[in-house]
Protein chains: 4
Amino acid sequence: MTQFLSDNVTSACPEVMAAIMAANTGDALSYGDDDGSRRLNSRFSEIFEKDVLVFPVVSGTASNALALASLTPTYGKVFCHQLSHINTDECGAPEFFTAGAKLIPIDGALGKLQPDNLEKAIRGAGNVHSAQPACVSFAQSCETGTVYQLDEISGLAQVARRHGLSLHMDGARFANGLVALGATPAEMTWKAGVDVLSFGGTKNGCLAAEAIVFLRPELAGTLPFLRKRSGHLLSKMRFIAAQLEAYLSDDLWLRNARQANAMAARLSQGLAAIDGVRLAFPTQSNEVFVELPRTAIDRLKQAGYDIGDQELDGLAPPRFVTAWNTREDDVDRFLAAAS
Amino acid sequence: MTQFLSDNVTSACPEVMAAIMAANTGDALSYGDDDGSRRLNSRFSEIFEKDVLVFPVVSGTASNALALASLTPTYGKVFCHQLSHINTDECGAPEFFTAGAKLIPIDGALGKLQPDNLEKAIRGAGNVHSAQPACVSFAQSCETGTVYQLDEISGLAQVARRHGLSLHMDGARFANGLVALGATPAEMTWKAGVDVLSFGGTKNGCLAAEAIVFLRPELAGTLPFLRKRSGHLLSKMRFIAAQLEAYLSDDLWLRNARQANAMAARLSQGLAAIDGVRLAFPTQSNEVFVELPRTAIDRLKQAGYDIGDQELDGLAPPRFVTAWNTREDDVDRFLAAAS
Amino acid sequence: MTQFLSDNVTSACPEVMAAIMAANTGDALSYGDDDGSRRLNSRFSEIFEKDVLVFPVVSGTASNALALASLTPTYGKVFCHQLSHINTDECGAPEFFTAGAKLIPIDGALGKLQPDNLEKAIRGAGNVHSAQPACVSFAQSCETGTVYQLDEISGLAQVARRHGLSLHMDGARFANGLVALGATPAEMTWKAGVDVLSFGGTKNGCLAAEAIVFLRPELAGTLPFLRKRSGHLLSKMRFIAAQLEAYLSDDLWLRNARQANAMAARLSQGLAAIDGVRLAFPTQSNEVFVELPRTAIDRLKQAGYDIGDQELDGLAPPRFVTAWNTREDDVDRFLAAAS
Amino acid sequence: MTQFLSDNVTSACPEVMAAIMAANTGDALSYGDDDGSRRLNSRFSEIFEKDVLVFPVVSGTASNALALASLTPTYGKVFCHQLSHINTDECGAPEFFTAGAKLIPIDGALGKLQPDNLEKAIRGAGNVHSAQPACVSFAQSCETGTVYQLDEISGLAQVARRHGLSLHMDGARFANGLVALGATPAEMTWKAGVDVLSFGGTKNGCLAAEAIVFLRPELAGTLPFLRKRSGHLLSKMRFIAAQLEAYLSDDLWLRNARQANAMAARLSQGLAAIDGVRLAFPTQSNEVFVELPRTAIDRLKQAGYDIGDQELDGLAPPRFVTAWNTREDDVDRFLAAAS
């Protein structure tokens, strides 16, 4: 029974598992010197239509925090949405990896940063009493399931550039945002002004595979040491590389994301049709945020769905997340229970 | 062709891979709330004959650094052998995770800490000008392939206790040390005075599975937050738990280690019989350190063995490492090439 | 010509300078083992009517950051007003000293934290994905020149206690707040629930003298090491102790603060009487925040007053600060110029 | 009665105190924008015969740790003598300020680094498993009272340059080393290859005044933020600037150092003439290290000298330190007591 709790409760997809098995042959150099790992830079460079440098890791938190640490001095400021994952859900990982940089939380409609709010928040450059503006970080798709349009990304990039800041994209759900826009990876990143990307695979069918992608390779100089020093340079790195290669083959990543997004749309439309239901955010990727009437909550619980906590504390609307392996059946059974 | 470069260049063993596949069924709660992860505490408690708390991670560097960070204040001192992995091979991970504690490197024969050297090094307690003694860390088996006897571990523990320090064991090659001694996990750890263990699986047949084992669970309070904050709480933790469960089933871990150790012994004896060869350290686990005559090096290179770097810089004797999947054939072919 | 730029541009008062001279006699043990430093604990304990532990330092930033570091784990959250000095004016010192704790900025009328806003902000305890609530910090008097009433402090303390958090007071202008309330040091701190106080002297007549006062001495265990390690244990500490002793003698600190507050009141009333002037915050201690009409600004500039920057960027209303040595003349000359 | 315990137990010299008094006139811009502070760069540039950038602080620990933090990445290595102050007496301040860099302790005769030992210790550049060589730090005069000759400094600099490392001099006793050599400040620093100097005043007649001197100003970019963030940018900085100006006027600093060194020489020669006394290190600046026979210790104690601790723990020979205000009388009384 699919609970729609999160896209990280799902299994890994068969193609990824097969690649892991296939990588388990004979010896391979450790710490990323294996053939598979060595192929990643060129594979990602093809996909992003630009020479990039890629550093695989096994968690989104590590991917974000390492990217930020490579862009921000210890006395730096990272500007982000107040609801962003880096600000609320990583137990201070960015502060840890940067050795004490400040995250500056900014409000913004639909969970998205806006250029004018960002502009107002960027303060203190050159003032020794203030932590120094260093970096802007935003998520695509973002924590509220919404998606930045290309010109919205460019808008943030322009503000960042004007102040000499770098631009980081938390792409834990990169593929979901990409297929939502119908854009190319290049268009959604460096062509719009993104410097460094935390590219996610785990939520979209991998076992544990993320990658820090330097769209401006000249920024990557400290990353190898920061990664090793944080315990994120795995010895048998071939198994992470294998996941990423399979994930990027035959459009697997795009197909997985399209399925997840389509199921979220179906779920969202179905819920919106129920009396008393209100969407808290427009459903643009694979997350649905809804305010449910008491009766619907009760019916869902009775049917065995686990939505207790969110409802009780009243702090956030219930969130339902679809994934690469969500089927129409799963959605329809849920909708039937809620109606 | 087996190069004996390291035990981390090897593939994962079939039982571990099968367990990973088996864990890939349906949804499972993320971040260690899955059933498999929940079983780990009791499984390790059985093996260690004591209630322990276990925190899986995916690299030995993370395992060591997190363990040390849970035992050491930012202004603390960690006493360790000068050749220890934490001091030389982790790019400052202990300093990073502890937010600046000092590693105090100590000399000692055979790569092992000795109580008297340790005793002399423990200085400055209560003196505000000195970083504060907090922890002793040693490896079993250790970087030089040697193995501490149980009374040697007790000896270190007594010094640590006398000064109020905790005792950490880097067990990246725990199983190799264990079968070398023929001891039980309890005897080699808490019964000898070890407080926290970094338990290794990756070098002995796992894909990427290590565990921080608190033999004194009351010391584990900060670990969950330190782990999350460092990006080492994986979302699909079930796949790490599955590896550890398989590894500990049917004596797989012990069988793998016995094979590795036996092959190292065979290699060591064979090399020692070659004219001009001198063992740099006694071979007690799965690592062989030898000083090879020029002629042997040339013969090995000609046969395709990769031993160049070690020989050229003259800093350390060549190291040859066996693993769970080293076969007699592999050893004999190498010996034939060297002779 | 008094510019009212800040209370830290002022000279030190004669009594303090005399004490520094008097301390310059013969040898004295270093690093706080001198007689004067040793007397501080009992002197502060008298004044606070409670056994306290005192650690002198030379800057308010150090005093705040060290206090917070003694109360907050590396993965902790410090709740504070978004306009607070620790959040905006210390270049990330709290993040540095705590090794990466998060400051959680909270809005609040008159620059003050309110219990309900605080209550809403305290989130995530026990949730491994969230930095952990550890400490509440507020300033008395605060950055906007307003002063917490005793029951307002108690109100914050109750929220803090309910969540198991400690309560820190940034008392860079402690004396100004104290005389504004007409309270005793005990009433304004531990009797209202404050655990640790950053006690300021520099802005109120000292050369460079602050003190971290542990109203709950059992919290002070790590402070000696944190202070040394940050370079704030001065060798000739006698000269800091001498300042604090003089400052606390014969009500010097209270007299200085009363003078500053009285002059601020005079200035505030005078300005408020000018056409078009609006007080941005009520004047409750020694800072006056006003919105000035263009004409008044021009007149003041012509008269040689330096108020350009604040007016130009439009971000904050001009601030005028009085001090221990501000005279009625200074105020009246300024008012005449502005009118 | 002069105890010779340290040069930091002494009072400040009259010229310095007079300058502090003189600086206490009227308002002055805070945080180093006062006229006196602004004059420091040109004053030091004269003295060092080169454009330098100067950052005053109030403790030697801060001066060293800030200098090292400006030269070393978080994953860096600082090479230093194992007996150096930064390694043994600063409670881990360098590790704190650098956010976890490693100090690599090196042995060397007379407490001095030697090029060949240094060369051997510099390892791991470009190897991701190793913290990265960043900086060499040595003290002049050093912890054992010995003094590097100019060519010895150049020798260290050559090794540092060959490996692309910067060179830091801990000059807590800079003046004592300088007058011992009879060299110019330029010769003893940048002409010999020193990049950044921690220039000390406190031990040689100041109240609390040190300065980080960037002999290569292009390395100073991060220092203003690191200093503020560590609480070492004092608001009334004019009082530190005043000390340094007085200290550097009329050769005060050189006269003070010459007196201290001369008295150490007198003390050393007197002690060496006593039966059973052995100098532990040659007396080259203002510190005398001697092994005293039991009888001499007893006689000194009976006469009221405080030398107990050093003798009891047997770890280090008793150290006797002279200062700017040590008189021949003080020395002769001590010698009489010891004989």
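Draft legend 1. Representation of the overall build of chain A within the structure. Helix and strand counts for chain A stand at 15 helices and 10 strands. A compact globule built from 339 residues should have a C-alpha radius of gyration of about 20 Å, and chain A, at 20 Å, falls within 12% of that. Looking at chain A as a whole, 65% of its 339 residues qualify as buried. In chain A, of all internal contacts separated by at least 6 residues, the share reaching a separation of at least 24 is 76%. Carbon and sulfur atoms make up 50% of the accessible area of chain A, which amounts to about 11200 Å² in all. Between the centroid of the 30 positive side chains of chain A and the centroid of its 38 negative side chains there is a distance of 4 Å.

Draft legend 2. Region of interest: the nonpolar core. Core analysis: the biggest nonpolar cluster contains 190 residues, and C:Phe44, C:Phe199, C:Trp253, D:Phe44, D:Phe199 and D:Trp253 have the highest contact counts within it. In this view, C:Phe199 contacts C:Phe44, C:Phe48, C:Ser63, C:Gly171, C:Phe174, C:Glu210, C:Ala211, C:Val213, C:Leu244, C:Tyr247, C:Leu248 and C:Trp253; residues no more than four positions away in its chain are not counted.

Draft legend 3. Structural view of the packing of aromatic side chains. Summed over all chains, the structure comprises 70 aromatic pairs over all chains. Ring centres 5.0 Å apart and planes at 15° place the aromatic pair A:Tyr75 and D:Phe225 in the stacked group. Of this pair, A:Tyr75 sits in the loop between α3 (60-71) and β2 (76-81) while D:Phe225 sits in helix α10 (residues 223-229), which puts the two residues in different chains. In this structure A:Tyr75 comes out as buried when scored by relative accessible area, which is 10%.

Draft legend 4. Representation of the sheet that holds strand β7 (residues 210-214) of chain D in the model. Residue and element names in this part refer to chain D. Reading across from one edge, β1-β7-β6-β5-β4-β2-β3 is the order of the seven strands in this open sheet, with mixed pairing throughout. Of all strands in the sheet, those with a lone pairing partner are β1 (53-57) and β3 (102-106), marking the two edges. Recorded for the sheet is a direction-independent mean angle of 20° between the axes of neighbouring strands. Of the pairings in the sheet, the one linking strand β2 (residues 76-81) to β3 comprises five bridges and is parallel in character. Within β3, the residue paired with Val-78 across the bridge is Leu-103. Most of the contacts of helix α3 (residues 60-71) go to β7, to which it runs at about 20°, and overall it touches β1, β2, β4 (132-139), β5 (166-171), β6 (196-200) and β7.

Draft legend 5. A look at the interface of chain A and chain B. Taken together, the contacts link 46 residues of chain A with 46 residues of chain B. The junction of chain A with chain B conceals about 3900 Å² of combined surface from both sides, 58% of it contributed by carbon and sulfur atoms. Linking chain A to chain B there are zero salt bridges. At the junction of chain A with chain B, the criterion picks out 30 residue pairs in polar contact (both at pLDDT 80 or more). Sorting the residues of the side of chain A that touches chain B by element identifies α1 (14-23), α3, α5 (93-97), α10 (223-229) and α11 (238-248) of chain A as the ones contributing at least two each. Across the side of chain A that touches chain B, the residue classes break down as 21 nonpolar, 17 polar and eight charged.

Draft legend 6. Summary view of the domain arrangement of chain A. Residue and element names in this part refer to chain A. Parsing chain A into structural domains produces domain 1 (14-250) and domain 2 (252-338). A straight line from the C-alpha centre of domain 1 to that of domain 2 covers 27 Å. With 29 residues of domain 1 at the contact, the number on the domain 2 side is 18 residues. Together domain 1 and domain 2 conceal approximately 1900 Å² of surface at their shared face, both sides included; 58% is due to carbon and sulfur atoms. Remark: the boundary between domain 1 and domain 2 carries one salt bridge. With its nearest N and O atoms 3.5 Å apart, the salt bridge here joins Arg-173 to Glu-287. Seen at the junction of domain 1 and domain 2, the total is 12 residue pairs in polar contact (both at pLDDT 80 or more). Those elements that place two or more of their residues in the side of domain 1 that touches domain 2 are α1, α8 (174-181) and α11. Broken down by element, the residue count for the side of domain 1 that touches domain 2 peaks at six residues, all from α8. In terms of residue class, the side of domain 1 that touches domain 2 is made up of 16 nonpolar, nine polar and four charged.

Draft legend 7. Region of interest: the side chain of A:Thr202. Examined against the element boundaries, A:Thr202 turns out to sit in the loop between β6 (196-200) and β7 (210-214). If we skip the residues at most four places from it in the chain, A:Thr202 touches A:Leu207, A:Ala208, A:Ala209, A:Glu210, B:Ser235 and B:Lys236.

Draft legend 8. Region of the structure containing the relation of the copies chain B and chain D. Once chain B is rotated about the relating axis by 180° and shifted along it by 0.0 Å, it coincides with chain D to within an RMSD of 0.0 Å. Taken together, these values place the two copies in the relation of a two-fold axis. Considering only C-alpha atoms, the part of chain B nearest the rotation axis is B:Gly100, at 2.1 Å. The overlap is high: 100% of the interface residues of chain B also sit at the interface in chain D, so the same surface is used on both sides.

Draft legend 9. Local environment of the relation of the copies chain A and chain B. For the match of chain A to chain B, the screw axis carries a shift of 0.0 Å, the RMSD comes to 0.0 Å, and the turn is 180°. The overlap is high: 100% of the interface residues of chain A also sit at the interface in chain B, so the same surface is used on both sides.

Draft legend 10. Quick peek at the packing of helix α12 (residues 252-272) of chain A against helix α15 (residues 328-338) of chain A. Residues and elements named next belong to chain A. Between α12 and α15, the least distance of the axes is 10 Å, while the angle of their chain directions is 15°. Judged on the interaxial angle alone, α15 and α12 are roughly parallel. Between α12 and α15 lies a crossing of right-handed hand. Contacts between α12 and α15 involve Met-263, Arg-266, Leu-267, Gly-270 and Leu-271 from the first element and Glu-328, Val-331, Asp-332, Phe-334, Leu-335 and Ala-338 from the second. Along the lines of polarity and charge, the residues of the contact of α12 with α15 split into seven nonpolar, one polar and three charged.

Draft legend 11. Local environment of the pattern of salt bridges. Summed over the entire model, instances satisfying the criterion amount to 68 salt bridges over all chains. Among the salt bridges present, the one from A:Asp7 reaches A:Arg173, with a minimum N-O distance of 2.7 Å. With A:Asp7 in the segment before α1 and A:Arg173 in the loop between β5 (166-171) and α8, the pair connects residues that are 166 residues apart, well separated along the chain. For the pair formed by A:Asp7 and A:Arg173, the shared burial category is buried. For C:Arg38, the salt bridge goes to C:Asp33, with nearest N and O atoms at 3.5 Å. Salt bridges sharing partners connect three or more residues here, namely A:Asp7, A:Arg173, A:Glu287 and A:Arg319.

Draft legend 12. Quick peek at the pairing of strand β1 (residues 53-57) of chain C. Residue and element names in this part refer to chain C. With four of five residues buried, β1 is to be regarded as a mostly interior element. The pairing of β1 with strand β7 (residues 210-214) spans five bridges and is antiparallel. Within the sheet, the bridge partner assigned to Val-54 lies in β7 and is Val-213.

Draft legend 13. Representation of α8(A). All names here are of chain A. For α8, the tally of buried residues reaches six of eight residues, placing the bulk of the element in the interior. Taken together, the buried positions of α8 are Phe-174, Ala-175, Asn-176, Gly-177, Leu-178 and Val-179. Taken from the residues just after α8, Gly-182 is the one with a positive phi, measuring 70°.

Draft legend 14. Here's a closer look at the interface of chain B and chain D. Every contact between the two is made by 20 residues of chain B and, on the other side, 20 residues of chain D. Sorting the residues of chain B by area buried against chain D places B:Cys91, B:Lys102 and B:His129 first, and these three jointly supply 36% of that buried surface. Taken together, the links from chain B to chain D amount to two salt bridges. Of the charged contacts in the structure, one is a salt bridge between D:Glu95 and B:Lys102, with a shortest N-O distance of 2.7 Å. For the interface between chain B and chain D, the tally reads eight residue pairs in polar contact (both at pLDDT 80 or more).

Draft legend 15. Structural view of the environment of B:Val9. Assignment of secondary structure puts B:Val9 in the segment before α1 (14-23). Each C-alpha atom of the pair B:Val9 and B:Thr222 lies 33 Å from the other, and the pair is 213 residues apart in sequence. Not counting residues up to four positions away in its chain, the partners in contact with B:Val9 are A:Gly26, A:Asp27, A:Ala28, A:Leu29, A:Ser30 and A:Arg238.

Draft legend 16. Geometry of the sheet that holds strand β9 (residues 287-291) of chain B. All names here are of chain B. Taken together, the three strands give an open sheet; going across it, the order is β8-β9-β10, and neighbouring strands pair in antiparallel fashion. If you trace the sheet from one side to the other, it starts and ends with β8 (278-279) and β10 (319-321), each paired once. When β8 meets β9, the two strands line up antiparallel, connected through two bridges. Each residue of the ladder has a partner; that of Arg-278, found in β9, is Glu-291. This element, helix α12 (residues 252-272), spans β8, β9 and β10 of the sheet and lies at about 15° to β9.

Draft legend 17. Up close: the state of the cysteines. Residues and elements named next belong to chain C. Summed over all chains, the structure comprises zero disulfides over all chains. Here Cys-13 stays free of any disulfide, with the sulfur of Cys-206 as its closest cysteine sulfur at 6.5 Å. According to the relative accessible area criterion, Cys-13 is buried, its value standing at 1%. Free cysteine: Cys-142, not disulfide-bonded; nearest cysteine sulfur from Cys-80 at 12 Å. Judged by relative accessible area, Cys-142 falls into the buried class, the value being 3%.

Definitions and cut-offs
Residues numbered from 1 in each chain as written. Chains lettered and ligands numbered in written order. Predicted model: local features only at pLDDT ≥ 70, side-chain atom pairs only at ≥ 80, totals over all residues. Heavy atoms only, no water. Helix = DSSP H or I, 4+ residues; strand = E, 2+ residues; numbered from the N terminus. Rg over C-alpha atoms; globule rule 2.2 N^0.38 Å. Buried < 20%, exposed > 50% of the residue type's maximum accessible area, 1.4 Å probe, protein only. Contact = heavy atoms within 4.5 Å. Areas by Shrake-Rupley, 256 points an atom, 1.4 Å probe, with all protein chains shown as cover. Lys, Arg positive; Asp, Glu negative; His and termini not counted. Charge placed at Lys NZ, Arg CZ, Asp CG, Glu CD. Core = buried A, V, L, I, M, F, W, Y, C linked by side-chain atoms within 4.5 Å. Phe/Tyr/Trp six-rings, centres within 6.5 Å; stacked < 30°, edge-to-face > 60°. Pairing = 2+ DSSP bridges. Axes fitted to C-alpha atoms, helices over the stretch in contact; angles between N-to-C directions. Buried area = accessible area lost by both parts, 1.4 Å probe. Salt bridge = Lys/Arg side-chain N within 4 Å of Asp/Glu carboxyl O. Polar contact = N/O pair within 3.5 Å; in protein donor to acceptor, adjacent residues only side chain to side chain. Nonpolar A, V, L, I, M, F, W, Y, C, P; charged D, E, K, R; others polar. Domains from an automatic or database assignment. Least-squares fit on C-alpha atoms with pLDDT ≥ 70 in both. Parallel < 35°, antiparallel > 145°, perpendicular 65-115°, else oblique. Left-handed = near helix turned anticlockwise from the far one by under 90°. Disulfide = S-S within 2.5 Å.

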